[in-house]
Amino acid sequence: DIAAGIGGGRTVLRSFRDYLVKTGTVHEWIFLTGAPKVLRPADHVQVFALPKLKRSWFRRLFFDGLTGRRLIRSLAPDVVFSLQNTRTYGLSVPQVVYVHQPLPFQDVVNYQLWRRDERHLAVYQHLIGRVIRRSIRQADRTIVQTHWMREAILEQVRIEPGRVERVAPDLEDLSAYVDENVSDRTQFFFPTGPLSYKNLDCIEEACRALRAEGVTEFRVLVTSDTPSPDPNITSIGQLPREEALRTLSGSTLVFPSLVESYGLPLAEARSLGCVVLASDRSYAREVLEGYPNAYFFDPHMPKDLARLMDAVIHGDIQRLDWTESAEPDPTIGWRRVVAILEEVAASSTGG
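Being a predicted model, the structure only gives us computed values, none of them experimental.

**A closer look at helix α9 (residues 302-313)**
Helical periodicity: at 3.6 residues per turn, an α-helix aligns residues three or four positions apart in one direction. For α9, with 12 residues, the first-to-last C-alpha span of 16 Å sits near the 16 Å given by 1.5 Å per residue. Residues of α9 that are buried make contact with β7 (187-190), α5 (200-212), β8 (219-222), β10 (252-255), β11 (276-279) and β12 (294-297). Directly beyond the C-terminal end of α9, a positive phi value near 80 degrees is found at G315.

Following this line, the structure appears as structure tokens:
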């Protein structure tokens, strides 16, 4: 996983490593990462840091296409697992690809290369998207986080259904962050990054609509490094995961994103029992299915969001007591991912 360094990618990478430290002693695991401080080695877990590869997409693609094969061959793995959407070319060992980049497979936004402010996302959507599709076609197995991603890949890439499996992410026990006495109905929280499809504009317009109705005593905390011009929005920068979870536990989650592979904050808010105001998109409906504290709004209609925020502020929407089913789901979590890796490795050797 050369790409992961911040945000959800880092959380997924650390979660996998932590799971293996606890349960993965049957095998030897070797991580190749571009973020030297993200992972620590442990028994049966080695870490090779390659920070130079994170400096540009060219370096990363050069690694996937040429130099990476030499290093990986020298490690003599039984199976290669890519957590960064693309496979490494020139290897004879089986490969499993974990695809969590939604831009090439959605039809909500269409970024253009000729627009400077969209160019970075257009590269992901159109150019890197082609590399991802090719990787999926050639990988032995592909793992995605949601049903909507699986269906989109099957429709667009046209491979056998058995080669793409949905495995929802693991979520650790968050009960230590739950404090029912700290919930503040005037505080909203949006953990996000500086990407236009996160749709922060929707929150800003919703805040203006609330002030126009005389509702001013509320605040929205946003994990952005760029200050917002809106007086009700406070940019607090990126937070350590533990602090972000404590903030979320005492807030209402607002999630107007247009595009997500999974939307980890939605699952975290569900686990914490928070009220969630979420974009009415398939990813959010899937993650929040059956959750009574979830409310949905049209992400292109800020007044819909303003109406829900007003209901929270005035107590018309309140947290309902709710307990997640304790029944383990065999299609969820790193246990199933490891089983897939074992199946693919065994099928290549006839074992």
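**Quick notes on the nonpolar core**
As a rule of thumb, soluble globular proteins bury nonpolar side chains together. Ranked by size, the top nonpolar core spans 67 residues in total, and within it L266 and L277 carry the most contacts. A total of 7 residues in this core trace back to one element, the largest contributor, which is α9. In this view, L277 contacts F188, T252, L253, V254, F255, Y295, F297, L305, L308, M309 and V312; residues no more than four positions away in its chain are not counted. Counting residues in each nonpolar core, the second largest holds 22 residues, with L13, W29, Y98 and L341 among its members.

**Observations concerning the sheet that holds β8**
Across the sheet, 6 strands lie side by side as β9-β8-β7-β10-β11-β12; this open sheet has parallel pairing. Two strands bound the open sheet, and with one partner strand each, they are β9 (233-235) and β12. Going across the sheet, the axis of each strand differs from the next one's by a mean of 25 degrees, ignoring polarity. As defined by bridge partners, β7 adjoins β10 across 2 bridges and the pair is classed as parallel. Bridge assignment links F189 to a residue of β10, and that residue is L253. Its contacts with the sheet place helix α7 (residues 264-272) against β10 and β11, and it is angled at close to 160 degrees to β10.

**A word on the environment of L341**
With respect to the helices and strands, L341 occurs in helix α10 (residues 334-349). Residue classification places L341 among the buried residues on the basis of a relative accessible area of 3%. Residues L341 and P191, spaced 150 residues apart in sequence, show a C-alpha to C-alpha distance of 32 Å. Those residues within four positions of L341 in sequence are excluded, and the remaining contacts are F16, W29, V79, F81 and V96.

**Structural notes on the packing of α5 against α9**
Following both chains from N to C, one finds α5 and α9 inclined at 60 degrees, their axes separated by 8 Å at the closest point. On the basis of their axis angle, the class for α5 and α9 is oblique. The handedness of the crossing between α5 and α9 comes out as right-handed. Note on element contacts: α9 touches α5 through P302, K303, L305, A306, M309, D310 and I313, opposite C202, I203, E205, A206, A209 and L210. When its residues are assigned to classes, the contact of α5 with α9 shows 10 nonpolar, no polar and 3 charged.

**Some points on the packing of aromatic side chains**
For the structure on display, the rule yields 9 aromatic pairs. Taken together, a centroid distance of 6.3 Å and an interplanar angle of 70 degrees make the contact between F255 and Y283 edge-to-face. You can see F255 sitting in strand β10 and its partner Y283 sitting in helix α8 (residues 282-287), a full 28 residues away along the chain. The same class applies to F255 as to Y283, namely buried. Between Y291 and W322, the ring centres sit 4.9 Å apart and the planes meet at 75 degrees, which makes this aromatic pair edge-to-face. One end of the pair, Y291, is in the loop between α8 and β12; the other, W322, is in the loop between α9 and α10, with 31 residues separating them in the sequence. Here Y291 falls in the buried class, since its relative accessible area comes to 5%. Its relative accessible area of 28% is what places W322 among the partly exposed residues. Counting every residue linked through ring pairs, the aromatic cluster contains F16, W29, F31, F81, Y98 and W334. Across the ring face of F296, the terminal group of R285 is positioned such that the distance to the ring centre comes to 3.9 Å.

What counts, and at which threshold
Residues numbered from 1 in each chain as written. Predicted model: local features only at pLDDT ≥ 70, side-chain atom pairs only at ≥ 80, totals over all residues. Heavy atoms only, no water. Helix = DSSP H or I, 4+ residues; strand = E, 2+ residues; numbered from the N terminus. Expected span 1.5 Å × (residues − 1). Contact = heavy atoms within 4.5 Å. Core = buried A, V, L, I, M, F, W, Y, C linked by side-chain atoms within 4.5 Å. Buried < 20%, exposed > 50% of the residue type's maximum accessible area, 1.4 Å probe, protein only. Pairing = 2+ DSSP bridges. Axes fitted to C-alpha atoms, helices over the stretch in contact; angles between N-to-C directions. Parallel < 35°, antiparallel > 145°, perpendicular 65-115°, else oblique. Left-handed = near helix turned anticlockwise from the far one by under 90°. Nonpolar A, V, L, I, M, F, W, Y, C, P; charged D, E, K, R; others polar. Phe/Tyr/Trp six-rings, centres within 6.5 Å; stacked < 30°, edge-to-face > 60°. Lys NZ or Arg CZ within 6 Å of the ring centre and 35° of its normal.

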